[in-house]
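Structure at a glance
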Amino acid sequence: MQQYDVVIIGGGASGLMCAAAAGYRGRSVLLLEHTRKIGRKILMSGGGRCNFTNIHNGPSNFLSDNPHFCKSALSRYPAAAFIELVERHGIDFHEKTLGQLFCNESSKEILQMLLTECEWAGVEMRTESAVTEIAARDGGYHLVTPQGDVQCQSLVIATGGLSIPNGGATGFAFDVARQFGLEMTDTRAALVPFTLQPADLEVFKPLSGASHNVVASIGPTQFKEALLFTHRGLSGPAILQISSYWTPGDNVSIDLFPELDLYEWLKQQRDERPKAEVSNVISQQMTKSIAHTFCDHWGIKGTMADQGNKALQAIADQFHNWIIKPSGTEGYRTAEVTIGGIITDEISSKTMEAKKAPGLYFIGECLDVTGHLGGHNFQWAWASGVAAGQVV
Ligand SMILES: Cc1cc2nc3c(=O)[nH]c(=O)nc-3n(C[C@H](O)[C@H](O)[C@H](O)COP(=O)(O)OP(=O)(O)OC[C@H]3O[C@@H](n4cnc5c(N)ncnc54)[C@H](O)[C@@H]3O)c2cc1C
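Residues take numbers from 1 onward in each chain, read along the sequence in its written order. It should be noted that, the model being predicted, local features are given only for residues of pLDDT at least 70 and side-chain atom pairs only at 80 or more, the latter also being counted only at that level, while totals for whole chains, interfaces and linings use all residues. For side-chain calculations, the full set of non-hydrogen atoms in the structure is used, while hydrogens and water are omitted.

Topic: the overall build of the chain
Per the convention used, a helix needs a DSSP run of H or I reaching at least four residues, while a strand needs a run of E reaching at least two, with both numbered from the N terminus. When you go through the chain residue by residue, the secondary structure sums to 13 helices and 21 strands. Exposure classes here rest on a 1.4 Å probe applied to the protein chains alone. A residue is buried below 20% of its type maximum, exposed above 50%, and partly exposed in between. The buried share of the chain, taken over its 392 residues, is 56%. Long-range pairs, those at least 24 residues apart, make up 72% of the contacts in the chain between residues at least 6 apart in sequence. The method behind every accessible area is Shrake-Rupley, applied with a 1.4 Å probe, and residues are considered shielded solely by the protein chains displayed. Split by element, the accessible area of the chain, about 16,400 Å² in all, is 49% carbon and sulfur. By definition, residues are in contact when any of their heavy atoms lie within 4.5 Å.

Have a look at this one:
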């Protein structure tokens, strides 16, 4: 029988961080990953440059049934702590926008940094190691793995959520949670592109690849970032962000001119360019193809001189409040995260230990803590990983 103080299942962001923290405390640590490759999502993150944290990270950047749950771990391991680690490893990075920090070179550097930390901390790692059985035994946990049976005092589940099944995502954490009687919220894909109803898709598909800065909102929640038209519907940061607040049937309101009082500007343009076509005038403020598509779609035609104040107001209202009813999302296939998960009431916010199962810990995305786009999800993975790593 192989004996370890700590076994961590899941070789992703939170698992690696937890493994290093526990290893540095002198614990014998075994990390098990079921795919052939450790840290795949880290490699694919941030368009290959890993948006590893956000300097503005805080509890308000997370969705959870209990918004207070994430506070303890985030305050004990804030963005500054991870930045310090990145700097210590000599990785160059930059702020792209809104506090989002990216590697200058490649996500590989963040993964290499974590692997190096694990090596220094004496962590043993096994890939292609899918655990087939877990049982509470002898005051700890007994695991059946392809490389033989393993007994540990502390078992950490760090297998993430359901997004990107092709990259190794499984519902393993949720199965283990159910096995030990822990409750779950419903889960759904989040930070995910919208698909459009067939009629809307026909109109907007030709814009595929075009983007425009907007404010996307559902009720009081709004995000001011870029919207990207795709061949299936809508994407881009504004859409990904608002998708986390969307449930089927909801409308999404999009202000296509968040920084402009379009009505006042159109009145001014009417004085200056009375003979210009409305669509050409609007093309001064957005890509021509986008302006013309919306004008055609809404039946806006004629010259500026043809438009009375009422007509200009109606045009402005349409651009400031484009209402779409997505047909759905692209689902877990392309979602960056899973919203929902293990109910946080089941878990200690200080240690990530399951209250009903001493010695069993859950960290990272499998918990009902979901970050906004922009480095917040990794910050949660680092912080929850360290919180458990300091006590297991
Ligand atoms: C395309 C993409 C880009 C992203 N970009 C960013 C970004 O730039 N910034 C950001 O903050 N967040 C980003 N995210 C989100 C971020 O990757 C996740 O929130 C984060 O990785 C979650 O960490 P985790 O440790 O909980 O899970 P993961 O990092 O997903 O790790 C889970 C690991 O467990 C393994 N596993 C699964 N099931 C089993 C099993 N049964 N047995 C053993 N191992 C198992 C998986 O293969 C995986 O290696 C991105 C996500 C995607 C999909």
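Brief notes about a positive patch on the surface
Patch membership needs two things, relative accessible area over 30% and no salt bridge, and members are linked within 9 Å if like-charged or within 5 Å if nonpolar (Val, Leu, Ile, Met, Phe, Trp, Tyr). The term salt bridge refers to a pairing of a side-chain nitrogen on Lys or Arg with a carboxyl oxygen on Asp or Glu at a separation within 4 Å. When charges are counted, neither His nor the chain ends are considered; positive counts come from Lys and Arg and negative counts from Asp and Glu. Here the site of a charge means NZ on Lys, CZ on Arg, CG on Asp, or CD on Glu. A cluster of basic residues, Arg36, Lys37, Arg40 and Lys108, forms a positive patch at the surface. Topologically, Lys108 is positioned in helix 5 (residues 108–120). Residue Lys108 is classed as exposed on the basis of its relative accessible area of 61%.

A word on the sheet that holds strand 5 (residues 93–95)
Taken together, 3 strands build an open sheet; the order of strands is 3-6-5 and the sheet is antiparallel. Lying at the two open borders of the sheet, with one neighbouring strand each, are strand 3 (51–54) and strand 5. Adjacent strand axes in the sheet meet at a mean angle of 30° when their direction is disregarded. Strand pairing is assigned whenever DSSP detects at least two bridges linking the two strands. As judged from the 3 bridges shared by strand 3 and strand 6 (residues 100–103), these two strands associate in the antiparallel manner. Bridge pairing in strand 6 places Thr53 opposite Leu101. Here, axes are lines fitted to C-alpha atoms. For helices the fit covers the stretch in contact, and angles between N-to-C directions go from 0 to 180 degrees.

Focus on the pattern of salt bridges
Counting across every chain of the model gives 9 salt bridges. Across the pair Arg232 and Glu330 runs a salt bridge whose closest N-O atoms are separated by 3.8 Å. Here the residue Arg232 occupies a position in the loop between strand 14 (221–229) and strand 15 (233–235), and Glu330 occupies one in the loop between strand 18 (328–329) and strand 19 (337–339), the gap between them amounting to 98 residues. When its relative accessible area of 35% is taken as the criterion, Arg232 is described as partly exposed. The buried category is assigned to Glu330, whose relative accessible area is 15%. A salt bridge links Lys267 to Glu264; the nearest nitrogen and oxygen atoms lie 3.5 Å apart. Note that Lys267 and Glu264 are positioned in helix 9 (residues 262–272) at a spacing of 3 residues, about one turn of the helix. Residue Lys267 is classed as partly exposed on the basis of its relative accessible area of 22%. What emerges from the salt-bridge pattern is a single network uniting Arg232, Glu330 and Arg333.

Re the nonpolar core
To qualify as a nonpolar core, a set must consist of buried Ala, Val, Leu, Ile, Met, Phe, Trp, Tyr and Cys residues joined through side-chain atoms within 4.5 Å. Ile110, Ile134, Phe362 and Trp382 are the most contacted members of the largest nonpolar core, which totals 78 residues. Sorting elements by how many residues they give to this core places helix 13 (residues 376–389) first, with 8 residues. Setting aside anything within four residues of it in sequence, one finds Trp382 in contact with Ala13, Met17, Ile42, Phe52, Tyr77, Phe82, Ile110 and Leu114. Judged by nonpolar contacts, the second largest core, of 41 residues, contains Phe223, Ile282, Met286 and Ile290.

Here's the deal with the site of the ligand
Nearness is defined per residue: one heavy atom within 4 Å of the molecule or strand is enough. Around the ligand sit 32 residues in total, of which Ser14, Glu33, Thr170, Glu365 and Phe378 are the nearest. The contact in question runs from a nitrogen atom of the ligand to an N or O atom on the side chain of Thr170, over 2.6 Å. At 2.8 Å, a backbone N or O of Phe378 approaches an oxygen atom of the ligand. Counting only elements with at least two residues in the shell around the ligand, the list comes to helix 1 (13–24), helix 2 (40–44) and helix 13. Any N or O atom pair separated by 3.5 Å or less is treated as a polar contact, with the protein-specific requirement of one donor-capable and one acceptor-capable atom, and with residues adjacent in sequence counted only for side-chain atom pairs.

What about helix 4 (residues 79–88)?
When helix 4 is considered as a whole, its buried residues turn out to be Ala79, Phe82, Ile83, Leu85 and Val86. The buried side chains of helix 4 occupy one side of the element, clustering within an arc of 155° when seen end-on. Away from its buried face, by an angle of more than 90 degrees, helix 4 presents the exposed residues Ala80 and Arg88. Within this analysis, the arc is defined by the directions that extend from the helix axis to the C-beta atoms.

Structural notes on the pairing of strand 2 (residues 29–32)
Side-chain alternation along strand 2 places Val29 and Leu31 on one buried face and Leu30 and Leu32 on a second face that is also buried. In this structure, strand 1 (residues 2–9) lies alongside strand 2, joined through 4 bridges in parallel fashion. Note that in strand 2 the partner of Ile8 across the bridge is Leu31. When the strands point away from the viewer and the connection leading from the first strand across the helix to the second strand turns clockwise, the crossover is called right-handed. Taken together, strand 1, helix 1 and strand 2 constitute a β-α-β crossover, and its handedness is right-handed.

Details of the domain arrangement of the chain
Where each domain starts and ends follows an automatic or database-derived domain assignment. Here the domain parsing of the chain yields domain 1 (2–188 + 332–389) and domain 2 (194–329). Between the C-alpha centres of domain 1 and domain 2 there is a distance of 39 Å. Values labelled buried area give the accessible surface lost by two parts on being combined, using a 1.4 Å probe and summing over both. Roughly 770 Å² of surface becomes buried between domain 1 and domain 2 when both sides are summed, with 52% attributable to carbon and sulfur atoms. At the boundary of domain 1 and domain 2, one finds 0 salt bridges. Applying the counting rule to domain 1 against domain 2 returns 4 residue pairs in polar contact (both at pLDDT 80 or more). When the residues that make up the side of domain 1 that touches domain 2 are grouped by side-chain class, the tally is 4 nonpolar, 2 polar and 2 charged. Here the nonpolar group is Ala, Val, Leu, Ile, Met, Phe, Trp, Tyr, Cys and Pro; Asp, Glu, Lys and Arg are the charged ones; every other residue, Gly included, is treated as polar.

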